[in-house]
Amino acid sequence: MNKLFSIVKPLRVNNKSNIVVFSVVADELYLLPHFLAHHRVLGVEQFLFYVDYSTDGTLEYLSAQDDCAIVTSPKAFGDPMIFSARGQKISQRFGIFCKTYFPSIFLKGKWVIILDADEFLFLPRPSTSINDFVARLYENGLQSCRALMIDFFPNKLSELSDCDRSCSPFNLAPYFDAHSVNWPNNTIRPINYDTSPTIRNRIVDEQERREALPVEIVKKQKLNWMYKSPITRWTPNTFYYHSHTSNHIQSDKVQVVLAHFKFYPGWGKKVSNAMRDKQYYSGSIKYQPLHYAYKYLQDWSLVASHSIRFVDTNDFINEGLLFDNIKT
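Given the structure is predicted, the values throughout are model-derived calculations rather than measurements. (Residues numbered from 1 in each chain as written. Predicted model: local features only at pLDDT ≥ 70, side-chain atom pairs only at ≥ 80, totals over all residues. Heavy atoms only, no water.)

S.K.: Please clarify how the side chain of Ser 23 should be interpreted in this entry.
M.R.: On the secondary structure map, Ser 23 appears in strand S2 (residues 19–25). Those residues in contact with Ser 23, other than ones at most four positions away along the chain, are Leu 48, Phe 49, Tyr 50, Leu 115, Asp 116 and Ala 117. (Helix = DSSP H or I, 4+ residues; strand = E, 2+ residues; numbered from the N terminus. Contact = heavy atoms within 4.5 Å.)

S.K.: Could you clarify how one ought to interpret the packing of helix H6 (residues 199–211) against helix H10 (residues 288–296) in this entry?
M.R.: Packed helices, taken two at a time, are described by their axes: the angle between them and the distance between them. Axis separation between H6 and H10 bottoms out at 9 Å; the angle between their running directions is 65°. Comparing their axes, H10 and H6 come out roughly perpendicular. Remark: the crossing between H6 and H10 carries left-handed chirality. On H10, the residues that touch Arg 200, Ile 203, Val 204, Gln 207, Arg 210 and Glu 211 of H6 are Pro 289, Leu 290, Tyr 292, Ala 293 and Tyr 296. (Axes fitted to C-alpha atoms, helices over the stretch in contact; angles between N-to-C directions. Parallel < 35°, antiparallel > 145°, perpendicular 65-115°, else oblique. Left-handed = near helix turned anticlockwise from the far one by under 90°.)

S.K.: Would you take a moment to explain the layout of surface pockets for this structure?
M.R.: Gaps left between atoms show up when a probe the size of a water molecule is rolled over them. Taken as a whole, the second largest pocket spans an internal volume of roughly 190 Å³. Every residue lining the second largest pocket is counted, 13 residues in all, and those nearest its centre are Ser 84, Ala 85, Thr 100, Thr 238 and Phe 239. When residues of the lining of the second largest pocket are traced back to their parent elements, those giving at least two are strand S5 (80–85) and helix H3 (94–106). (1 Å grid on protein atoms, 1.4 Å probe; cavity = no way out; pocket = protein on both sides within 12 Å on 5 of 7 lines; lining within 4 Å. Points joined across faces, edges and corners; volume = space filled by probe spheres on them.)

S.K.: How should H6 be read in this particular structure?
M.R.: At 3.6 residues per turn, the α-helix brings residues three or four places apart onto the same side. Relative to the 18 Å expected for 13 residues at 1.5 Å per residue, H6 spans 18 Å between its end C-alpha atoms, a close match to the ideal helical length. For H6, the full list of buried residues reads Ile 199, Arg 200, Asn 201, Arg 202, Ile 203, Val 204, Glu 206 and Gln 207. (Expected span 1.5 Å × (residues − 1). Buried < 20%, exposed > 50% of the residue type's maximum accessible area, 1.4 Å probe, protein only.)

S.K.: Any chance you could explain the pattern of salt bridges here in plain terms?
M.R.: Where charged atoms of side chains with opposite charge meet at close range, the side chains can pair. Evaluation of the coordinates by the stated rule reveals 11 salt bridges. Two residues, Lys 99 and Asp 116, come together in a salt bridge whose shortest N-O distance is 3.4 Å. Here the residue Lys 99 occupies a position in helix H3, and Asp 116 occupies one in the loop between strand S7 (111–114) and strand S8 (119–122), the gap between them amounting to 17 residues. When the shortest N-O distance is used, the salt bridge between Arg 136 and Asp 324 registers 2.8 Å. A residue pair is termed long-range when its members are at least 10 positions apart, and Arg 136 in helix H4 (residues 130–139) and Asp 324 in strand S16 (residues 323–324) qualify at 188 residues. Note on Arg 136: relative accessible area 14%, which makes it buried. Put simply, Lys 99, Asp 116, Glu 119 and Lys 228 are held in one network by salt bridges that share partners. (Salt bridge = Lys/Arg side-chain N within 4 Å of Asp/Glu carboxyl O.)

S.K.: Mind showing me how you'd approach empty space enclosed by the protein here?
M.R.: Counting across every chain of the model gives 2 cavities of 30 Å³ or more. Roughly 40 Å³ of internal volume is contained in the largest cavity. Looking at the largest cavity, the residues that line it are Arg 200, Ile 203, Val 204, Gln 221, Leu 223, Lys 286, Pro 289 and Leu 290. Among the secondary structure elements, those contributing two or more residues to the lining of the largest cavity are H6 and H10. The biggest single contributor to the lining of the largest cavity is H6, with 3 residues. Each residue belonging to the lining of the largest cavity can be placed in one class, and the counts come to 5 nonpolar, 1 polar and 2 charged. (Nonpolar A, V, L, I, M, F, W, Y, C, P; charged D, E, K, R; others polar.)

Encoded structure:
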């Protein structure tokens, strides 16, 4: 048996789809039904999940889904991994390592869409399905596609305390903040990304205003990685440096959106666990403002003058966040 993983439920051998969503999940029982429904509508026919330690029925739920394959591991998300790749020694947390490792084992040659359970993919026109979209990429010589992560949020956090858990996250947290990015052609990441208007950075500002946090702490808590490269045609050389960046260069002709939900029923437990386990970047420092918000900002209005109430995909298109300028 492989020491790094166990196959709980294999990929369907008769599945002809060349597109697979890969996701690392832990205690995602609220989000998963909405996540699966959203991406099934886009035409995704196969999902591969690495299930980290879960106690809320996540593993059992996914086991009952015909289109979901599952792997588990004795390793924890935050366990360090030291390995050789691209001619050098690399150290990553296991949760990041597996975003290259599992697709390299199971999904070579396929189009792989790497998403967290709180990320919902939106495609630009003229594509109406994920099959149409990757066909456009492939026909135009593109092996990858970039994305902006757009945080969604409710009017007030207290509105999530007694809500109907069957309700869509888009109904419970319908607002987002538009922001600007300079992402040149043929680069792997933006060179300038103004995330100051976004909700999680506004929470940091409010935390500073209320507690007079030292400037160096505020700077560390601010987000500047609100982008990803989630769609990739997997080659033997594909490698993810971290959750946000792969070694594939990105075209400026096409961009997708990941609607991102940090605020949903049960979000406080997820944040508290991240703070306790310190398994994310720099000891989960980016979760500290969320933890503060959960404790002290339940009735603080999250909606700013520039916030937008989401109606449909046109909102992303109108803000220049979602586009396909490929010439056909």
